[in-house]
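Reading the structure
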Amino acid sequence: MKTESMEIFQTLSKFKRNGFVSLISLMAEDLSPNAEGKDEFKLHYTLYNPVNKEFKEFETTINNEAPSVSTLYKSANYDEREIYDLFGIKFKNHPNLKRIFLDENFEGHPLRNDYENASNCDFKANIEAESKE
């Protein structure tokens, strides 16, 4: 089901009240650049109703920002942080939106279409430096 980005919180809230109490997955997809040459992403939400054993899938298209659903579904906290870290999508009203996998000094977001593999990045040196700490 396609949902407008600003309505996603209200839509998921309605479905939660109707028994879809589990957020099974939240995934992002980079569609950039769009027809106007701007950033565009798609977010995919999968909800589950354990009573009816029913799944519902939602998707919304955004630019660089979406409302956080972490107050509705606790599992969204981790998923939104992961998406922020790897895609650079910001989630409004997220309680702790910071990198989860990559170092705070890491530049860029590696799952974006415009990310260039940093050939000058020495991952081995970073690992060795961390092991000495």
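Look a little higher up for the structure.
The present account deals with the structure reproduced in this document.

What counts, and at which threshold
Residues numbered from 1 in each chain as written. Predicted model: local features only at pLDDT ≥ 70, side-chain atom pairs only at ≥ 80, totals over all residues. Heavy atoms only, no water. Helix = DSSP H or I, 4+ residues; strand = E, 2+ residues; numbered from the N terminus. Buried < 20%, exposed > 50% of the residue type's maximum accessible area, 1.4 Å probe, protein only. Contact = heavy atoms within 4.5 Å. Pairing = 2+ DSSP bridges. Phe/Tyr/Trp six-rings, centres within 6.5 Å; stacked < 30°, edge-to-face > 60°. Core = buried A, V, L, I, M, F, W, Y, C linked by side-chain atoms within 4.5 Å. Axes fitted to C-alpha atoms, helices over the stretch in contact; angles between N-to-C directions. Salt bridge = Lys/Arg side-chain N within 4 Å of Asp/Glu carboxyl O.

Okay, the side chain of Ser68 next. Within the secondary structure, Ser68 sits in the loop between β4 (65–67) and α2 (75–87). Take Ser68: its relative accessible area is 6%, and that puts it in the buried class. The residues touching Ser68, leaving out its near neighbours within four places in the chain, are Phe9, Glu80, Phe91, Lys92, Asn93 and His94.

What follows is about the environment of Leu102. You can see Leu102 is positioned in the loop between β5 (90–92) and α3 (123–132). The exposure class assigned to Leu102 is partly exposed, which follows from its relative accessible area of 23%. When neighbours within four sequence positions are excluded, Leu102 is seen to be in contact with Asp85, Leu86 and Pro110.

Once that is clear, we can look at the pairing of strand β2 (residues 41–49). Burial analysis of β2 places 8 of its 9 residues in the buried class, the great majority of the element. Of the strand pairs in this sheet, strand β1 (residues 22–30) and β2 are connected by 8 bridges, and their pairing is antiparallel. Bridged to Ser22 within β2 is Tyr48. Here 9 bridges tie β2 to strand β3 (residues 54–62), and the two strands are oriented antiparallel to one another. In the strand pairing of β3, His44 is matched with Glu59. Linking β2 back to β3 in an antiparallel pair, the connection comprises 4 residues, with Lys53 at a positive phi of about 55 degrees.

Aromatic ring pairs are reported here in terms of the distance separating the ring centres and the angle at which the planes meet. Under the definition given, this model contains 6 aromatic pairs. Centre to centre, the rings of Phe41 and Phe87 are 6.4 Å apart; their planes meet at 85 degrees, and the pair counts as edge-to-face. Residue Phe41 is found in strand β2, and its partner Phe87 is found in helix α2; the two are separated by 46 residues along the sequence. Overall, Phe87 belongs to the buried group, its relative accessible area being 9%. Between the aromatic rings of Tyr48 and Phe55, the centroid separation amounts to 4.7 Å while the plane-to-plane angle is 40 degrees, which identifies the pairing as tilted.

A word on the nonpolar core. Of all hydrophobic cores here, the largest spans 23 residues; its most connected members are Leu12, Leu43, Tyr45, Leu47, Ile83 and Ile89. Of all the secondary structure elements, the ones that give two or more residues to this core are α1 (8–17), β1, β2, β3 and α2. Setting aside chain neighbours within four positions, we find Tyr45 in contact with Ile8, Leu12, Leu23, Ser25, Leu26, Lys56, Glu57, Phe58, Thr60, Pro67 and Val69.

Adjacent strands of a sheet form backbone hydrogen bonds with each other and so pair up, either parallel or antiparallel. Within the open sheet, the 3 strands sit side by side as β1-β2-β3. Their pairing is antiparallel. In this open sheet, the two strands that pair with only one neighbour each are β1 and β3. Neighbouring strand axes in the sheet, compared pairwise and without regard to direction, differ in orientation by 15 degrees on average. Strands β2 and β3 of the sheet are contacted by α1, whose axis makes an angle of about 175 degrees with β3. Of the strands in this sheet, β1 and β2 touch α2, which is tilted by about 10 degrees from β1.

Turning to the pattern of salt bridges, a few remarks are in order. As enumerated under the stated definition, the model contains 6 salt bridges in all. Here Asp85 makes a salt bridge to Arg99, at a shortest N to O gap of 2.6 Å. Here Asp85 is found in helix α2, whereas its partner Arg99 is found in the loop between β5 and α3, with 14 residues between them in sequence. A salt bridge links Arg112 to Asp114, with the nearest nitrogen and oxygen atoms 3.3 Å apart.

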